[in-house]
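In case you want the letters, here they are:
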Amino acid sequence: MNEGRLALDIETASPNGTPSDFRNTADFELVAVGLGFCVGDGDPEVEVVLRDGDWSVEHTAGLLREVVEWCEARSGPVITYNGEYFDEHHLRAWAEQVADEGVWSDAPDRVDSLFADHIDLGTLAAEAYPHAVRQNRDIPALWKACKEAGIDQPTVWYDDYELDSNYLDRLGIDEKHVKGAHVGEALGEAYVDGVVAGIDHTQTHTELTRLLAEYAAGDIAPLFSLHDALRQADAQV
């Protein structure tokens, strides 16, 4: 098996209301995970896994298992951006939850192994680009770190999907491109509602699924590029 690097980025929803604390896992539900694997300077393999049911713990466990098994089939440290604060933190909490509920007893150990060699690029970016860190923040926003490193991040435009404007209006979205807040506040919950309602065959659900998958995949390749840039910057110090 070739040694490489893994990248991971989670997408969440808050169906029970606006989060009061971004560290409180009870305020979030797992909707999708963008995954990547890259060996050397090659093009990354990118995969997105999406929730396949309602908000019950069984479907949280199913999505967690897909993530863990995908990563275990490959080899290398896991790269995230701000993952120590968010992605890793919540994945560990969900793993404990599904174990406590008796759904997947070894989930905590499997997630622990996944993050054994975790590289949080947020911390490294704060050291490399301290001028990009906003007041009262510990790390720069991902887009700022990528801008500093000369890395393009893809933008997912709503006009590229056959979603009726009235549908987006009902979700409270009136912007041209997808933002993480849109997923957390509306799109993620709408996707899961569609899965539960069994409307997978409809154009709206199909397009929403495609949008979420492409948005979740969008930061994966930039994570590898940012990791390369930060390693080069560190080598020049």
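Residues numbered from 1 in each chain as written. Predicted model: local features only at pLDDT ≥ 70, side-chain atom pairs only at ≥ 80, totals over all residues. Heavy atoms only, no water.

J.: Can you walk me through the side chain of Thr-60 in this structure?
T.: Among the secondary structure elements, Thr-60 is positioned in helix α1 (residues 57–72). In this structure, Thr-60 is in contact with Glu-29, Arg-51, Trp-55, Trp-94 and Val-98, ignoring residues within four places of it in sequence. (Helix = DSSP H or I, 4+ residues; strand = E, 2+ residues; numbered from the N terminus. Contact = heavy atoms within 4.5 Å.)

J.: Explanation requested: the side chain of Thr-12 in the structure shown.
T.: By secondary structure assignment, the location of Thr-12 is in strand β1 (residues 5–13). Judged by its relative accessible area of 9%, Thr-12 is buried. Residues in contact with Thr-12, not counting those within four places in the same chain, are Phe-28, Glu-29, Val-31, Phe-86, Trp-94, Val-183 and Gly-184. (Buried < 20%, exposed > 50% of the residue type's maximum accessible area, 1.4 Å probe, protein only.)

J.: What should I look at first to understand helix α7 (residues 180–197) in this one?
T.: Along an α-helix, residues three or four apart share an orientation, since each turn contains 3.6 residues. Between the first and last C-alpha of α7 there are 24 Å, a value that for 18 residues agrees with the 26 Å anticipated at 1.5 Å per step. The largest bend along α7 measures about 45 degrees and falls at Ala-186. If you check which residues of α7 are buried, you get His-182, Val-183, Gly-184, Ala-186, Leu-187, Gly-188, Ala-190, Tyr-191, Val-192, Gly-194 and Val-195. Elements in contact with the buried residues of α7: β1, β2 (29–38), β3 (45–50), α6 (165–170) and α8 (203–217). (Expected span 1.5 Å × (residues − 1). Bend = angle between axes of the 7 residues up to and from the residue.)

J.: Is there a simple way to think about helix α5 (residues 142–149) in this case?
T.: Within α5 the residues assigned to the buried category are Leu-142, Ala-145 and Cys-146. The arc that holds the buried residues of α5, viewed along the axis, is 100 degrees, so those residues lie on one side. Count one or two residues on from α5 and you reach Gly-150, which has phi positive near 70 degrees. (Arc of directions from axis to C-beta.)

J.: What am I meant to see in the pattern of salt bridges here?
T.: Opposite charge on two side chains lets them pair, provided their charged atoms get close. For the coordinates displayed, the defined rule picks out 11 salt bridges. Ionic pairing is found between Arg-210 and Glu-207, a salt bridge with its closest N-O pair at 2.9 Å. In this pair, Arg-210 and Glu-207 are both assigned in helix α8, three residues apart and thus about one turn of the helix distant. Residue Glu-207 is classed as buried on the basis of its relative accessible area, which comes to 10%. Of the charged contacts, one joins Arg-231 and Asp-228 as a salt bridge, the two residues approaching to 3.0 Å between their closest N and O atoms. With Arg-231 and Asp-228 both in helix α9 (residues 220–236) and three residues apart, this pair spans about one turn of that helix. The exposure class assigned to Asp-228 is partly exposed, which follows from its relative accessible area of 22%. Linked through salt bridges whose partners overlap, the residues forming this network are Arg-5, Asp-228 and Arg-231. (Salt bridge = Lys/Arg side-chain N within 4 Å of Asp/Glu carboxyl O.)

J.: Would you mind going over a negative patch on the surface with me for this structure?
T.: Residues Asp-54, Glu-58, Glu-96, Asp-100, Glu-101 and Asp-109 make up a contiguous surface patch of negative charge. Considering the arrangement of structural elements, one finds Asp-109 in helix α3 (residues 107–114). Overall, Asp-109 belongs to the exposed group, its relative accessible area being 54%. (Patch = residues over 30% accessible without salt bridge, like charges linked within 9 Å, V, L, I, M, F, W, Y side chains within 5 Å. Areas by Shrake-Rupley, 256 points an atom, 1.4 Å probe, with all protein chains shown as cover. Lys, Arg positive; Asp, Glu negative; His and termini not counted. Charge placed at Lys NZ, Arg CZ, Asp CG, Glu CD.)

J.: What's the story with the nonpolar core in this structure? I'm lost.
T.: In this structure, Leu-8, Ile-10, Val-33, Leu-35 and Leu-91 are the most contacted members of the largest nonpolar core, which totals 28 residues. Elements with a minimum of two residues in this core: β1, β2, α1, α2 (87–100) and α3. For this core, the element with the most residues is α1, which contributes eight residues. In this structure Ile-10 touches Leu-30, Ala-32, Val-33, Phe-86, Asp-87, His-90, Leu-91 and Trp-94, once residues within four positions along its chain are discounted. Among the nonpolar cores identified, the runner-up in size contains 25 residues, and Val-156, Tyr-167, Leu-168 and Val-195 belong to it. (Core = buried A, V, L, I, M, F, W, Y, C linked by side-chain atoms within 4.5 Å.)

J.: It is not clear to me how the sheet that holds β1 should be interpreted in this structure. Could you clarify?
T.: Paired through backbone hydrogen bonds, the strands of a sheet run either parallel or antiparallel to each other. In spatial order, the strands read β3-β2-β1-β4-β5; together these five strands make up an open sheet with mixed pairing. Edge strands, defined here as strands with exactly one partner in the open sheet, are β3 and β5 (119–120). Here β1 pairs with β2 via nine bridges, running antiparallel. Counterpart to Asp-9 in the pairing with β2 is Gly-34. α8 rests against β1, β2 and β3 of the sheet, and its axis sits at about 135 degrees to β3. (Pairing = 2+ DSSP bridges. Axes fitted to C-alpha atoms, helices over the stretch in contact; angles between N-to-C directions.)

So far we have only geometry, and geometry alone does not tell us how the molecule works.
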